[in-house]
Structure formats: structure tokens, C-alpha cells
Amino acid sequence: MEKMREQDPKERIKNFNEVPYGYNEEEAVREASRCLQCPTAPCITGCPVSIDIPGFINAIKEKRFKESITILKDTNNLPAMCGRVCPQEDQCEKVCVLEKAGNPINIGALERFAADWAMENNISGHEADISSPEKDEKVAVVGAGPAGLTCAGELAKKGYAVTVFEGLHKPGGVLTYGIPEFRLPKEIVMSEVDGIERLGVELKLNYIIGKIKTIDGLRKDGYKAFFICTGAGLPSFMGIPGENLNGVYSANEFLTRVNLMKAYKFPEYDTPINVGRKVAVIGAGNVAMDSARSALRLGAEKVMIVYRRTEVEMPARIDEIHHAEQEGIEFHLLTTPIEIIGDDKGDIKKMICLKNELGEPDSSGRKRPVPIEGSEFEMEMDTVICAIGNGPNPLLLDTIDGLKLGKWGNIEADDDGYTNIEDIFAGGDIVTGSATVIAAMGAGKQASIAIEKYLQAR
Amino acid sequence: MHKIVRKEQLNPEICLVEAEAKDIALAAEAGQFVILRIDETGERFPLTLYDWDTEKGTVTVVCQAVGVSTKKLCAMAEGEAILDIAGPLGHAAKTKNIGKVICIGGGVGTAEAYPIAKAMQASGNDVTVIIGSRSKDLLICEEDIKKFCDKVHITTDDGSYGKKGFVTDVLKELLEDGSYDLVFAIGPVIMMKMVSGMTKKYSVKTLVSLNSIMIDGTGMCGGCRVRYDEKPHFACVDGPEFDGHLVDFDDLMHRGDRYKDKEKMADDHYEGECKIGLDKKK
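Residues numbered from 1 in each chain as written. Chains lettered and ligands numbered in written order. Predicted model: local features only at pLDDT ≥ 70, side-chain atom pairs only at ≥ 80, totals over all residues. Heavy atoms only, no water.

Novice: Help me out: how do you make sense of the overall build of chain A in this one?
Specialist: Secondary structure summary: chain A contains 17 helices and 16 strands in total. The C-alpha atoms of chain A give a radius of gyration of 22 Å, which matches the 23 Å a tight globule of 458 residues would have. Principal-axis analysis of the C-alpha atoms places the extent of chain A at approximately 65 × 55 × 50 Å. In chain A, 69% of the contacts between residues at least 6 apart in sequence involve partners at least 24 apart. Accessible surface, chain A as shown: approximately 18,300 Å² in total, 49% of it carbon and sulfur. Averaged over its 53 positive side-chain charges, chain A has a centre that lies 1 Å from the centre of its 70 negative ones. (Helix = DSSP H or I, 4+ residues; strand = E, 2+ residues; numbered from the N terminus. Rg over C-alpha atoms; globule rule 2.2 N^0.38 Å. Contact = heavy atoms within 4.5 Å. Areas by Shrake-Rupley, 256 points an atom, 1.4 Å probe, with all protein chains shown as cover. Lys, Arg positive; Asp, Glu negative; His and termini not counted. Charge placed at Lys NZ, Arg CZ, Asp CG, Glu CD.)

Given below as C-alpha cells:
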């Protein structure tokens, strides 16, 4: 596999610039030339949005870059983002025939190359930009994250008038507030959102559905179908003593300050952030890695991942764990915090933890961490970031009469996006709980198909 | 963008800003707040809605210039535009069928008590208002409140106007002399703590409105969490109204101070830029 060149770890921990540089033309063509162009194309079935992977790779191989982006955009409205943040190693690359020889095609890097090339050359890649919708029916999408943008783009391509309502002041959802600049530059997110707008999608920012207007209100405004994709927007805490101390952040808050509000440019930007010298990040998913690596770049001397199981169970992408290790993040595994202790000013001094051993697998199939009796020990730190997941945000859901919710308060929707209310569809983290960008995009795409079917049958 | 249609300086520190925000005005209820962002480099910060006009399509906030964001807002002029306003957020205050109420506003909190007291009066409750400030020139909203309420008590710390002392001094007298169904207090955390401490002795239900540090205001960041009834609650989505007898005010004060050093840095940076700007103009 042709590796992407990267910023040196010693340098990159001092800046927020993107870590991998991306292929140049020569590298991209060389990697694309390795593709066997299998007639069965298992990679396509490995992709949640079914990109014609051999097709776009072949176009790169033959240096028809414009065609490669057109092929990508035919099925994927956000290729520059997917190329960067999709877990390809668990999807398309996992089923690549060359994977059996331990050397799959670097599909993510090639996707990124094609998308970046198009961006540099100001090519949208869509067959044609649609400026005004040809169908009368209006569709409302609630949430401008990966699920919403995908669904909106697909429906606009079909000719529907789509409005995306976003609560924050910038579109992108987790792509904007969550994933850091060094992994996904915001310029790229905005450029891809721009591509969606060029399809005729209307974006309404600072517009919190459930507060400024309800779904019923939107019905009165003439919207005929609704796609709810508000993400997993309610941070979980551990429920241990000391979590209200100053210096305890949810990963959502920490990352939102850094990414959406640009606290890393404080005081040029007004939003502050406190990092301290020693930082502990609880959890070991992608969000935990993002938080840890951001803390390092903000000047922390020591950053620790504290995780209750072992490296085998860590939910983060291998690449992200690898990057974190390269940058000097410490991993404290089989460790569960039980209390955070503060000083008289309400600041953090230390955290008391227990050591675990692994027991029988739990409902997630992963081995359950079992605390070892009498294994208490202390860790010193100034900042604790809880990256242990999010629950569904009830702000909108509470205002929709009769919408069926699951045990944890998530919307009950099937794989096609149907809920128990006929004009309401849902997808992404608000249905599944915290998952991946590409899974949310897949849900957005499925829902666009279901919404079209519903509107046609009316 | 939200054009400012009216700007008034209520006292040297506090200004009133009325800006276009039609859909927010249509949805707004007493007790709710909005999140503002003044410009591209600005913070997101919450302000309680002072008033809203569904016909003009405007919302009004009252703001005390204490940090960068509030100073930026107070420095704006009519005709200029605020970059972002999102809302209305938080639960509306319950204003119906309460009975005898005392509404207390301290400092800039007086502007936050105003819409609630007004809505309570309009719903037929018996409303008494106590407003307090450090001195006469800092007192705000007196006229607006007297328009709907004839039982208004005023206190100033220095005695330059009304009764010398704190709002709690008047509250104590009222609670001694009569029975009340509810006390509603908005102001500095220390004031809300003192009020809640006092009403607890008299067993009068007390609501306070909490204005913690927030980013999104929709429950997404958890930065505004307060210890309430021994458990963490989010001021933005669980509040902003809470039972004053169950709020951990000391915790709230600690948390309110958590960016003190950074706020000072940001303020110095802002003041520095302002001075450079003035030099350029010269």
C-alpha cells in the first residue's frame, strides 16, 4: 500500500495542520494501478453508500481525474470527508481482494486525492448543478451533519425542494464541531457543504427545531416530509463524585470549544479553553483520540487515555490510535476512574482509579472489565475529558407527539429510515447511538430513497 | 444577520438592544433566552429575552458590559447587525395560577425578572416586585416595571435611592408580614443564594433563573451543568428555572469563575485592539 506522507509527529503536536499530506498525482496513479479491477468488486458491497470504487480508481489510473470525481459524487456527496474519516479498514479495504495478501488498495487515500483535486480545480463533480428544484414538494431535514447533508443532497438531485435546519451557526454537525482541524480541515467541510448548496439545498442556520418551530409548525409551512438526524447530542458523564469540578469537560464541550469556536486561536478568537499541564481523557473511541491529540496541541505536557478494557477492545480506528501513540499520548488501560478529587477552589487535583481484569463478554460481545478489589490508585491531573459517548438529545423529540422512541430515548426507525409516523423519517446517531460518519451518510441515503417513495405514493 | 433597530444605554454599564429576529419573536415566551454571537471571532453567550415584538419581528435583550462579548454587544450601534442569534431556548417560566408572588431582580438580573413579573401579573397573579442595585445611577427597568405593577420596592447598597440595603432586607419584611406562594429571584449568584437561604426559613417555594456559561444552549456540550438536588443538571435544557432550595450555589460560583484568568486575557486583548483601532482612526 502506498502510504500517505505525514507531518513529523514532533512538529505536528505544535500545530493544528492536517497530519497526512495526501497523495500527489504520481503517488495516486501508482496506487490506483495496483487495483485488480475485480469483476465481482467486493469493495462496493463493503461501502455503506455503494461507491463504484473500481470505476473511480480506474479513472485515476488513467489520469481522468474529472471523471473520477463524477463517479464518486454520483453515490457520495461528501468524498473529501469520507476519504479522510471513514474507517476504510473495516469496510471497503477489509474486503479488498488484495487484503488477503495483507496489502489492500488504499481506497480512502485515493478518494481523498480525487476530491481534493476537484476542489483545487473548482470542479463540483456533480453531473449538473441544479439551481431550482423541479418538484413542488418541500422536504425538511433537521440537522446539518453527515446524515442530513447526504439526504438533502440526494433529494435535491431528484428535484425536491429541500431545507436543512441546523441549530448551530455553522453546518456540518460533528464534522464541524467534533472532528479536529488536523484530521478534517474545516475548509474542506465548508467546501463540501457548498457543493450540497449548489444542488439547490437551502440551509437555515441558528434554527433550532423543537424551539423556534415544531415539526407541526413546519407541516403548516408546507413541508411534506421530514428527516430527523439530530445526532447523539447529549453528553454522558461517568456518574462519579467530582464530575462538576472545574476542569472536567465532556468531549463535546472540549472539542466544540476547539473546533467550532476556534479556542486554539484564543485570544484572537474570544472563546477560551483550559487545558492545564496534565490531561486525562476517559474512553478510547475516535472522539477520545481527537480530544487527547487536541489537548496535546493546546500545550498539555502529558496526555493520558484512561480506558477500562485493553487495546483489543478500543473502539477507535487503528490509524487514530497509531497517530496518538506516535505523538506521545500515554495509554492507561484496564483502568476505571471512581472519583475525581478537587482543591478548595473547585479545581481538579487528582483522580482515584481501580485496576480491572477482563471477565466474560458482555452484550456488546466485548470482554467485560471487572474491578480488582483493593487496587485503588491515584493519578494526578489538571483536566479530565469524558469521551464515553452521548445519548439522544430530547429537545426536539419531546415536542413530537406520538413518535416512537426506544429504550434509551433514541428514535425507533428501520434501516430504510421509516419511523412510526408516516411523514417522519430518521437516521444517523439519533437512531443508532454514537456511530460513524459513513454510517450516518448511509442512513441519509437510505432515507432519501424512502422519502421519495413516500412522496410519490401520496 | 440581525439588524439592530434600537439601542439604548440604560446606565454606564448596561445597554438595551432590540434586533430583528422574526421567527424567534414568534416563538418566544417569558423566561426563555437566546444565544448570541456578535462576529466571526466571537463567543456564543446566553442572554435572557427582555421583550419581543411579534409584529415588528424583533427581540430585545439587556446586557451588562463585563467581558469581551458583552462589551462587543454594548459597543454596537443602531443599524449594525449581530451575526447570530439562536433561540428561544430553555423552558418558559410557569406564570399562571400561582397566587401571591414576589419577583426579585438584582443588578442586570432586573431585566430578566421583568418579563416574568409582567407575564405573572398579566395572568392575574398578585405580584410584588423588589429591585436592587449598587446605587441610583445603576438601577434599571424601574419605569417599565411600574407600568404594570404598583407594588414595587427599590433598594440600593449605598442608599442613594429607595431603601438602603439589599433586596433581602425588603424580602424579610414582606415575608414577616404576609404569606406568599412563590418567590422568583434573578440576579448575581450570591443574591440568589441569600434569597433562597432566607425563603427556606419561611418555607416559601423559590425559583431562581440560572445563567451559567454555555456554548450551544441545547444540551449538547454540558458546560452549563449545575449541581441540583445532588445531581448534575443542564441549565440550558433542564432550566433555566430551578428550585432555589435545591441548587448548590457554591458549586455554581466556582464554575462561573472557571475562565476568570482567560476572560481577563481576552478582555485585555479586546481593549488593546480597541485602542489600536482608535489610533488608526486618528
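The rest of the description comes next.
Novice: Would you take a moment to explain the overall build of chain B for this structure?
Specialist: Check the secondary structure of chain B and you find nine helices and 16 strands. The C-alpha atoms of chain B give a radius of gyration of 19 Å, which matches the 19 Å a tight globule of 282 residues would have. Taking the principal axes of its C-alpha atoms as reference, chain B extends roughly 60 × 40 × 40 Å. Looking at chain B as a whole, 56% of its 282 residues qualify as buried. By element, 51% of the accessible surface of chain B is carried by carbon and sulfur atoms, the whole surface being about 12,100 Å². In chain B, which carries 37 positive and 46 negative side-chain charges, the distance between the mean positions of the two groups comes to 2 Å. (Buried < 20%, exposed > 50% of the residue type's maximum accessible area, 1.4 Å probe, protein only.)

Novice: Honestly, the side chain of Glu154 of chain A in this entry has me stumped. Any pointers?
Specialist: All names here are of chain A. Here Glu154 is to be found in helix α8 (residues 146–157). In this structure the side chain of Glu154 is engaged in a polar contact, spanning 3.2 Å, whose partner is the side chain of Asn77. In contact with Glu154, other than residues within four places in its own chain, are Thr75, Asn77, Lys445 and Ser448. (Polar contact = N/O pair within 3.5 Å; in protein donor to acceptor, adjacent residues only side chain to side chain.)

Novice: Where do I start with the domain arrangement of chain B in this structure?
Specialist: How big an interface is tends to be reported as the loss of accessible area on association of its parts. Residue and element names in this part refer to chain B. In terms of domains, chain B is made up of domain 1 (2–89) and domain 2 (100–209). Here the C-alpha centroids of domain 1 and domain 2 sit 24 Å apart. Taken together, the contact between domain 1 and domain 2 spans 15 residues of the former and 14 residues of the latter. Buried surface at the junction of domain 1 and domain 2, summed over both partners, amounts to about 1,100 Å²; 62% is from carbon and sulfur atoms. (Domains from an automatic or database assignment. Buried area = accessible area lost by both parts, 1.4 Å probe.)

Novice: I tried to follow the packing of aromatic side chains on my own but got confused; where do I start?
Specialist: Note on aromatic pairs: each is described by the distance of the centres and the angle between the planes. Evaluation of the coordinates by the stated rule reveals 13 aromatic pairs over all chains. Centre to centre, the rings of Phe16 of chain A and Tyr264 of chain A are 4.2 Å apart; their planes meet at 20°, and the pair counts as stacked. Of the two residues, Phe16 of chain A is situated in the loop between α1 (9–12) and α2 (25–33) and Tyr264 of chain A in the loop between α12 (251–260) and β7 (278–282); the sequence distance between them amounts to 248 residues. Look at Phe16 of chain A and you get buried, because its relative accessible area is 8%. Each ring, one from Phe237 of chain A and one from Phe234 of chain B, has its centre 6.5 Å from the other, and the planes form 80°; the classification is edge-to-face. With Phe237 of chain A in the loop between β5 (234–235) and β6 (248–250) and Phe234 of chain B in strand β15 (residues 231–234), the pair connects residues from two separate chains. Residue classification places Phe237 of chain A among the buried positions, given a relative accessible area of 17%. By relative accessible area, which is 8% here, Phe234 of chain B ends up buried. Taken together, Phe16, Phe182 and Tyr264 of chain A form an aromatic cluster joined through their ring pairs. In this arrangement the basic side chain of Lys135 of chain A is found over the ring face of Tyr160 of chain A, its NZ or CZ atom lying 4.7 Å from the centre. Positioned over the ring face of Phe182 of chain A is Arg297 of chain A, at 3.9 Å from the centre of the ring. (Phe/Tyr/Trp six-rings, centres within 6.5 Å; stacked < 30°, edge-to-face > 60°. Lys NZ or Arg CZ within 6 Å of the ring centre and 35° of its normal.)

Novice: Any chance you could explain the nonpolar core here in plain terms?
Specialist: Nonpolar side chains in soluble globular proteins tend to end up buried together. Counting 72 residues, the largest nonpolar core has Ile53, Phe56, Ile57, Ile60, Leu110, Phe227 and Ile451 of chain A as the members making the most contacts within it. When residues no more than four places from it in sequence are discounted, the contact partners of Ile451 of chain A are Val139, Cys151, Leu155, Ala225, Phe227 and Phe425 of chain A. If you look at the next biggest cluster of nonpolar residues, it comprises 52 residues, including Leu245 of chain A together with Ile35, Ile102 and Met214 of chain B. (Core = buried A, V, L, I, M, F, W, Y, C linked by side-chain atoms within 4.5 Å.)

Novice: Is there a simple way to think about the pattern of salt bridges in this case?
Specialist: Two side chains with opposite charge may pair up if their charged atoms get near one another. Residues and elements named next belong to chain A. All chains considered together, the criterion is met by 53 salt bridges over all chains. For Arg30, the salt bridge is made with Glu26, and the minimal N-O distance between the two is 3.3 Å. Of the two residues, Arg30 and Glu26 both sit in helix α2, four residues apart, roughly one turn of that helix. Judged by relative accessible area, Arg30 falls into the partly exposed class, the value being 42%. (Salt bridge = Lys/Arg side-chain N within 4 Å of Asp/Glu carboxyl O.)

Novice: Quick question: what am I supposed to make of the sheet that holds strand β14 (residues 383–386) of chain A here?
Specialist: Think of a sheet as strands paired side by side through backbone hydrogen bonds, with each pair either parallel or antiparallel. All names here are of chain A. Reading across the sheet, the five strands line up as β6-β14-β7-β8-β9 and stay open at both edges, with parallel pairing between neighbours. The sheet is open, and its two borders are formed by β6 and β9 (330–332), each paired with just one other strand. The average undirected angle you get between the axes of adjacent strands in this sheet is 25°. Relative to β14, β6 runs parallel, the two being bridged by three bridges. Paired with Val248 across the two strands is Val384, which belongs to β14. The sheet contacts of α12 involve β6 and β14, and relative to β6 the element is tilted by about 85°. (Pairing = 2+ DSSP bridges. Axes fitted to C-alpha atoms, helices over the stretch in contact; angles between N-to-C directions.)

Novice: Explanation requested: helix α10 (residues 186–198) of chain A in the structure shown.
Specialist: Three- or four-residue spacings in an α-helix give side chains the same orientation, since the helix completes a turn every 3.6 residues. Residue and element names in this part refer to chain A. Counted at 1.5 Å a residue, the expected span for α10 with its 13 residues is 18 Å, and the 18 Å between its end C-alpha atoms agrees. Residues of α10 that are buried include every one of Lys186, Ile188, Val189, Glu192, Val193, Gly195 and Ile196, and no others. On its buried side, α10 packs onto α5 (65–75), α6 (79–85), α7 (107–120), α8, α9 (174–177) and β3 (202–204). (Expected span 1.5 Å × (residues − 1).)

Novice: Explain the interface of chain B and chain A to me, please; I cannot follow it from the model alone.
Specialist: The interface of chain B with chain A comprises 44 residues on the first partner and 42 residues on the second. Summed over both sides, the interface of chain B with chain A buries roughly 3,600 Å², with 54% coming from carbon and sulfur. For the chain B face of the interface with chain A, the top three residues by lost area are Met220, Arg225 and Tyr259 of chain B, together amounting to 19%. Salt-bridge contacts for Lys72 of chain B lead to Asp270 of chain A; the nearest nitrogen and oxygen are separated by 2.6 Å. Applying the counting rule to chain B against chain A returns 22 residue pairs in polar contact (both at pLDDT 80 or more). The dominant element in the side of chain B that touches chain A, judged by the number of residues it contributes, is strand β7 (residues 84–89) of chain B, at six residues. Its residues placed into classes, the side of chain B that touches chain A shows 18 nonpolar, twelve polar and 14 charged. (Nonpolar A, V, L, I, M, F, W, Y, C, P; charged D, E, K, R; others polar.)

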